[in-house]
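# Architecture and fold: a report
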Amino acid sequence: MTRRVPVEPTLYDADGSAAPVLHGRRCASCGHAFFPPQGYGCEACGALPELLAPEEMPGAGTLVASVDVRSHPLAPFTVGIIALDAGPAIRAVIETQGATLTPGTRMRATLVATDGRDGSEVSELRFVAADS
Amino acid sequence: MGAALRDLRPVHVVGVGLHRYQRGSDTTFVTLGLTAVRGALTDAGLDWPEVEAAYTGTALLGFAVGRTMLRYLGATGIPMVQVENASASGSTAFRMACLDVATGISDIAVAIGVDKPEMPRLAPARAGLRDLVGSRMLPVTHFALLADEYMHRYGVTPEQVALVAVKNHRNGARNPFAHRQKERTLDDVLGEDPLAGVLTRLQCCPIGEGAAAVIVASDSAVERLGLNRSRSVQVLSSVLASERVYPGAANWDAELTRETTACALAEAGIGTADLDVIEVHDAFSIEELIYLEAMGVCGQGEAAALLTDGAWDIGGRCAVSPSGGLLSMGHPIGPTGVGQVVEITRQLRGEAGDRQHPGARTGLAHMVGVGAVCAVHVLRTAE
């Protein structure tokens, strides 16, 4: 039976919109922007949690690196580092759609239908080449 | 601003010992550790009652490791501390032993590394954070991503990255304490399917069991006990640092190593050109290239071409991981950082046998631990 990774509703909007948005945060004290979100304190300046303001970050950026993973219970899959236009460099699953992606490729977020834990269909945020 | 190690009392490595790094076996950690400590005592010409403090680097064994093992040397009542700092646990234990002697709290202290291949409970996974990749991001995948970025940035090929593993297995084949003691050709290294990106199995370190021990002493202890000064090696600097926030998509692993090494070299009062031997954290082949450049041993993007030219071979410009490194000597976690100091000490004494780098006088040990932390020590032969 194929294992699927469940959706992460705290990380992004998965309402089926064409342009999914990432739930990042930005420190109101020093301006440090980050994703994934956390509410413990600012890594850059130590500001308290209440100063870490939610910031919606467009799912658009540039590929820094990507690799195919062959040795893993969920393999094969591709993961990459994407420098979001909003600032943070994030790690995400990549849908290569058969193409070889090189660093510098423009990327966009997309929602991919997968099977949830209880068999229901859920949406998982992945990245694809922007021109695909 | 606090003091540097060199502002305090001089610290000398006077004894080193190892238990071979190997696949997990029925050998208890007690036997592993005692073998290394007894080896170091014999090497130093010391008896256990002379040792005044024991720091045990271990990450996987659970609590109360130190005395469970060391009581069988004769229970002398000395302070014993376990040191956990991920892959840098052993390096950190060595630093603690050095600081004990440098500050004058002890005249003689021992750093031990011991572990067996148990699955650790990783604190970062229990911080209550979610991300987009979850369990997909294993260490091999993280470093495969750094390799992909590096190869594209500098026009380096997968074969050039794999040559790190060829060199380090060649060194490890000459090390009777290495986990992997077999030379490997480029075809051997690239002959298996990659686990992630370009990284094949032989470009990933084996994690097994083993032990390492290093005894450090003050000048007064060396004098008082008549230890062999010509075989002692001075610890010029000890720097332990943790990751900061680096802007944009910078390679954070490289930045941490850059900062830590620069500090360790400055505190030692030397430059990279003075380094004859480097033991580097080569858990994955690509790391050696990235870290050599971050250390400033060569320019950005130059490490792979220099590797091909033999610059990092024993007998080359600077011997890099003459022990075989993590890739071939192995990475049993707790022992690894202590074992690096063992290798550098042997190299600087001229006692490394057919792994000897000619004329080695100055060496640097570098470890990184997930989290991330970085430890760098600079050692120099007796004048």
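Rules of the game
- Residues numbered from 1 in each chain as written.
- Chains lettered and ligands numbered in written order.
- Predicted model: local features only at pLDDT ≥ 70, side-chain atom pairs only at ≥ 80, totals over all residues.
- Heavy atoms only, no water.
- Helix = DSSP H or I, 4+ residues; strand = E, 2+ residues; numbered from the N terminus.
- Rg over C-alpha atoms; globule rule 2.2 N^0.38 Å.
- Buried < 20%, exposed > 50% of the residue type's maximum accessible area, 1.4 Å probe, protein only.
- Areas by Shrake-Rupley, 256 points an atom, 1.4 Å probe, with all protein chains shown as cover.
- Lys, Arg positive; Asp, Glu negative; His and termini not counted.
- Charge placed at Lys NZ, Arg CZ, Asp CG, Glu CD.
- Pairing = 2+ DSSP bridges.
- Contact = heavy atoms within 4.5 Å.
- Buried area = accessible area lost by both parts, 1.4 Å probe.
- Salt bridge = Lys/Arg side-chain N within 4 Å of Asp/Glu carboxyl O.
- Polar contact = N/O pair within 3.5 Å; in protein donor to acceptor, adjacent residues only side chain to side chain.
- Nonpolar A, V, L, I, M, F, W, Y, C, P; charged D, E, K, R; others polar.
- Axes fitted to C-alpha atoms, helices over the stretch in contact; angles between N-to-C directions.
- Parallel < 35°, antiparallel > 145°, perpendicular 65-115°, else oblique.
- 1 Å grid on protein atoms, 1.4 Å probe; cavity = no way out; pocket = protein on both sides within 12 Å on 5 of 7 lines; lining within 4 Å.
- Points joined across faces, edges and corners; volume = space filled by probe spheres on them.
- pLDDT = per-residue confidence, 0-100.

### Details of the overall build of chain B
When helices and strands are counted, chain B shows twelve helices and ten strands. Taking 2.2 N^0.38 as the reference for a compact globule, 383 residues should give roughly 21 Å; the C-alpha atoms of chain B span a radius of gyration of 19 Å, in line with that estimate. Projected onto its principal axes, the C-alpha coordinates of chain B cover approximately 55 × 45 × 45 Å. A burial count over chain B gives 60% of its 383 residues as buried. Carbon together with sulfur atoms contributes 52% to the accessible area of chain B, which is approximately 14000 Å² in total. With 32 positive and 42 negative side-chain charges, chain B shows a spacing of 5 Å between the two charge centroids.

### Here we look at helix 9 (residues 285–295) of chain B
Residue and element names in this part refer to chain B. Extensive coverage of helix 9 is indicated by the burial of eleven of its eleven residues. Ser285, Ile286, Glu287, Glu288, Leu289, Ile290, Tyr291, Leu292, Glu293, Ala294 and Met295 are the residues of helix 9 that are buried. Count one or two residues on from helix 9 and you reach Gly296, which has phi positive near 85 degrees.

### Considerations on the pairing of strand 5 (residues 77–84) of chain A
Residue and element names in this part refer to chain A. Of all eight residues in strand 5, seven are buried; the element is thus mostly enclosed. Sheet topology note: the strand 4 (residues 60–69)/strand 5 ladder contains eight bridges and is antiparallel. Among the inter-strand pairings, Leu63 is bridged to a residue of strand 5, identified as Ile82. Note that strand 5 and strand 6 (residues 89–94) share six bridges and pair antiparallel. If you follow Gly80 over to strand 6, its bridge partner there is Ala92. Count of turn residues in the strand 5/strand 6 antiparallel hairpin: four residues, of which Gly87 carries a positive phi of about 130 degrees.

### A short note on the interface of chain A and chain B
Residue-level contacts link 39 residues of chain A with 25 residues of chain B. Of the roughly 2600 Å² buried where chain A meets chain B, counting both sides, 67% is carbon and sulfur surface. Interface area lost by chain A to chain B is led by Val67(A), Arg70(A) and Arg91(A), which between them contribute 21%. For the interface between chain A and chain B, the tally reads two salt bridges. A salt bridge links Glu124(A) to Arg136(B), with the nearest nitrogen and oxygen atoms 3.6 Å apart. On inspection of chain A and its partner chain B, the count reaches eight residue pairs in polar contact (both at pLDDT 80 or more). At the level of secondary structure, the elements contributing two or more residues to the side of chain A that touches chain B comprise strand 4, strand 5, strand 6 and strand 8 (121–129) of chain A. Here the element with the most residues in the side of chain A that touches chain B is strand 4 of chain A; it accounts for six residues. The class makeup of the residues in the side of chain A that touches chain B is 24 nonpolar, eight polar and seven charged.

### Overview of the packing of helix 5 (residues 158–172) of chain B against helix 9 of chain B
Residues and elements named next belong to chain B. Direction vectors running N to C along helix 5 and helix 9 enclose 100 degrees, while the axes themselves pass 7 Å from each other. Here helix 5 lies roughly perpendicular to helix 9, going by the angle between them. Residues Val161, Val164, Lys167 and Asn168 of helix 5 pack against Ser285, Ile286, Glu288 and Leu289 of helix 9. Taken together, the residues of the contact of helix 5 with helix 9 break down into four nonpolar, two polar and two charged.

### A look at empty space enclosed by the protein
The method is simple in principle: a probe with the dimensions of a water molecule rolls over the atoms, and the space it marks as empty is what remains. Residues and elements named next belong to chain B. For the coordinates displayed, the defined rule picks out two cavities of 30 Å³ or more. Taken as a whole, the largest cavity holds about 60 Å³ of empty space. The biggest single contributor to the lining of the largest cavity is helix 12 (residues 334–349), with three residues. Taken together, the residues of the lining of the largest cavity break down into three nonpolar, six polar and one charged.

### Observations regarding the sheet that holds strand 3 (residues 52–58) of chain A
Residue and element names in this part refer to chain A. Pairing is antiparallel across the open sheet formed by three strands, whose spatial order is 2-1-3. At either margin of the open sheet sits one strand with a lone partner, and together these are strand 2 (33–34) and strand 3. Where strand 1 (residues 21–27) lies against strand 3, seven bridges are found, and the strand directions are antiparallel. Opposite Arg25, over in strand 3, you have Pro54 as the bridge partner.

### Description of the confidence of the model for chain A
Residues and elements named next belong to chain A. Here chain A averages 88 in pLDDT, and 86% of its residues register 70 or above. Within chain A, the lowest mean pLDDT, 88, falls on strand 7 (residues 106–115), and the highest, 97, falls on strand 4. Scored below 50 in pLDDT, residues 1–6 makes ten contacts in the model with residues more than four places away or belonging to other chains.

### Some points on the sheet that holds strand 8 (residues 319–320) of chain B
Residue and element names in this part refer to chain B. Within the open sheet, the ten strands sit side by side as 3-2-4-5-1-6-10-9-7-8. Their pairing is mixed. With one partner strand each, in any of the chains shown, strand 3 (80–83) and strand 8 form the two edges of the open sheet. Sheet topology note: the strand 7 (residues 277–279)/strand 8 ladder contains two bridges and is parallel. Counted as the bridge partner of Val277 is Ala319 from strand 8.

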